[in-house]
Amino acid sequence: MHVQEWLETVPAVSIYTLVGLVIGLESLGIPLPGEIILVSAALLSSQHEGINPVILGVCATLGAIIGDSIGYAIGRKGGRPLLAWLGAKFPRHFGEAHVATAERSFQKWGMWAVFFGRFIALLRIFAGPLAGVLRMPYWKFLIANVLGGIIWAGGTTAVIYYVGVVAESWLKRFSWLGLVAAVLVGLASMLIVRRKAKRTATEHATAETEPVPAAE
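The shown structure was predicted, so the numbers you read here are calculated from the model rather than taken from an experiment.

Draft legend 1. Main features of the environment of Glu49. Note that Glu49 resides in the loop between α3 (34–47) and α4 (53–89). Expressed as a C-alpha distance, the spacing of Glu49 and Ala12, which sit 37 residues apart in the sequence, is 9.8 Å.

Draft legend 2. Layout of a nonpolar patch on the surface. Residues Trp109, Trp112, Phe116, Phe119, Ile120, Ile150 and Ile151 make up a contiguous nonpolar surface patch of about 740 Å² in total accessible area. Among the secondary structure elements, those contributing two or more residues to the nonpolar patch are α7 (111–117) and α9 (138–171). Along the polypeptide, Phe116 turns up in helix α7. Classification of Phe116 as partly exposed rests on a relative accessible area of 46%.

Draft legend 3. Inspection of the nonpolar core at higher detail. In terms of nonpolar packing, the biggest core is built from 16 residues, with Ile15, Val19, Ile23 and Leu56 touching the most fellow members. Secondary-structure elements contributing two or more residues to this core are α2 (12–27), α3, α4 and α9. Looking at which element gives the most residues to this core, the answer is α2, with five residues. Leaving out residues up to four positions away in the same chain, Val19 has contacts with Ile37, Leu38, Ala41, Leu56 and Ala60. Judged by nonpolar contacts, the second largest core, of 12 residues, contains Phe115, Leu123, Leu130 and Ala131.

Draft legend 4. Representation of helix α8 (residues 121–133). The first and last C-alpha atoms of α8 sit 19 Å apart over 13 residues, in line with the 18 Å expected at 1.5 Å per residue. Maximal helix bending in α8 amounts to about 50°, located at Ala127; proline Pro129 follows within four positions. Extensive coverage of α8 is indicated by the burial of 11 of its 13 residues. Among all positions of α8, only Leu123, Arg124, Ile125, Phe126, Ala127, Gly128, Pro129, Leu130, Ala131, Gly132 and Val133 are buried. Looking one or two residues beyond α8, the residue adopting positive phi is Arg135, at roughly 60°.

Draft legend 5. Representation of the packing of α2 against α3. Two elements in contact, α2 and α3, have axes whose closest approach is 9 Å; the angle formed by their N-to-C orientations is 160°. Our classification of the angle between α2 and α3 gives roughly antiparallel. When the axes of α2 and α3 are compared, the crossing they make is left-handed. Residues Ile15, Val19, Val22, Ile23 and Glu26 of α2 form the contact with α3, whose own contacting residues are Gly34, Glu35, Ile37, Leu38, Ala41 and Leu44. Classifying every residue of the contact of α2 with α3 by side-chain character gives eight nonpolar, one polar and two charged.

Draft legend 6. Region of the structure containing the packing of aromatic side chains. Applying the stated criterion to the full structure yields eight aromatic pairs. Consider the rings of Trp112 and Phe116, whose centres lie 6.0 Å apart with planes at 35°: the pair is tilted. One end of the pair, Trp112, and the other, Phe116, are both in helix α7, four residues apart, so they sit about a helical turn from each other. Classification of Trp112 as partly exposed rests on a relative accessible area of 46%. For the pair Phe115 and Phe116, a centre-to-centre distance of 5.0 Å together with 85° between the ring planes defines the contact as edge-to-face. Residue Phe115 is classed as buried on the basis of its relative accessible area of 12%. An aromatic cluster is present here, built from Trp112, Phe115, Phe116 and Phe119 joined pairwise through their rings.

Calculation criteria
- Residues numbered from 1 in each chain as written.
- Predicted model: local features only at pLDDT ≥ 70, side-chain atom pairs only at ≥ 80, totals over all residues.
- Heavy atoms only, no water.
- Helix = DSSP H or I, 4+ residues; strand = E, 2+ residues; numbered from the N terminus.
- Patch = residues over 30% accessible without salt bridge, like charges linked within 9 Å, V, L, I, M, F, W, Y side chains within 5 Å.
- Areas by Shrake-Rupley, 256 points an atom, 1.4 Å probe, with all protein chains shown as cover.
- Salt bridge = Lys/Arg side-chain N within 4 Å of Asp/Glu carboxyl O.
- Buried < 20%, exposed > 50% of the residue type's maximum accessible area, 1.4 Å probe, protein only.
- Core = buried A, V, L, I, M, F, W, Y, C linked by side-chain atoms within 4.5 Å.
- Contact = heavy atoms within 4.5 Å.
- Expected span 1.5 Å × (residues − 1).
- Bend = angle between axes of the 7 residues up to and from the residue.
- Axes fitted to C-alpha atoms, helices over the stretch in contact; angles between N-to-C directions.
- Parallel < 35°, antiparallel > 145°, perpendicular 65-115°, else oblique.
- Left-handed = near helix turned anticlockwise from the far one by under 90°.
- Nonpolar A, V, L, I, M, F, W, Y, C, P; charged D, E, K, R; others polar.
- Phe/Tyr/Trp six-rings, centres within 6.5 Å; stacked < 30°, edge-to-face > 60°.

Next up, the structure:
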């Protein structure tokens, strides 16, 4: 069976449930690719009439708000020992450096860290639990949580959906040769940028490791 035909057989309710569940688990502090799942589902909804983008956006928003609220409750109850435990289990995401960075953001921005954290992968995982650990007043957390969840989840769904609709219409006007050429140009540009970034990082690291001449 063709991939597209297989996707059309997937019940819409399964997509809604998967998106809400993954985003909810990510929001309460479990490192999962919530944004990737949401973008993929929104793009899929632009290609298949059976998946309603409005329902998808609502499920994503509810998952974000509820997950963050559960994470806040867990963080408030678990406190600092919870962060230490998470650091031991998930050092890549909850290492001391990451926790310190997130904590500085909360101390500087307060409830806005919860709001803007929706749009930053690291803070999206930390926002709920860390707000609870730091004893942020729940009403402040709830306002930032609801607004951030609506704008991030609903906005991402809407933008990706319309991008998918426009892209499908645009691609139909091009031959396969033009499409292949566009892909090759994109890949070449990406490789050039990555090579330049790697060279810059190497030069920076070399400069930092060069010994400083002793003063005469």
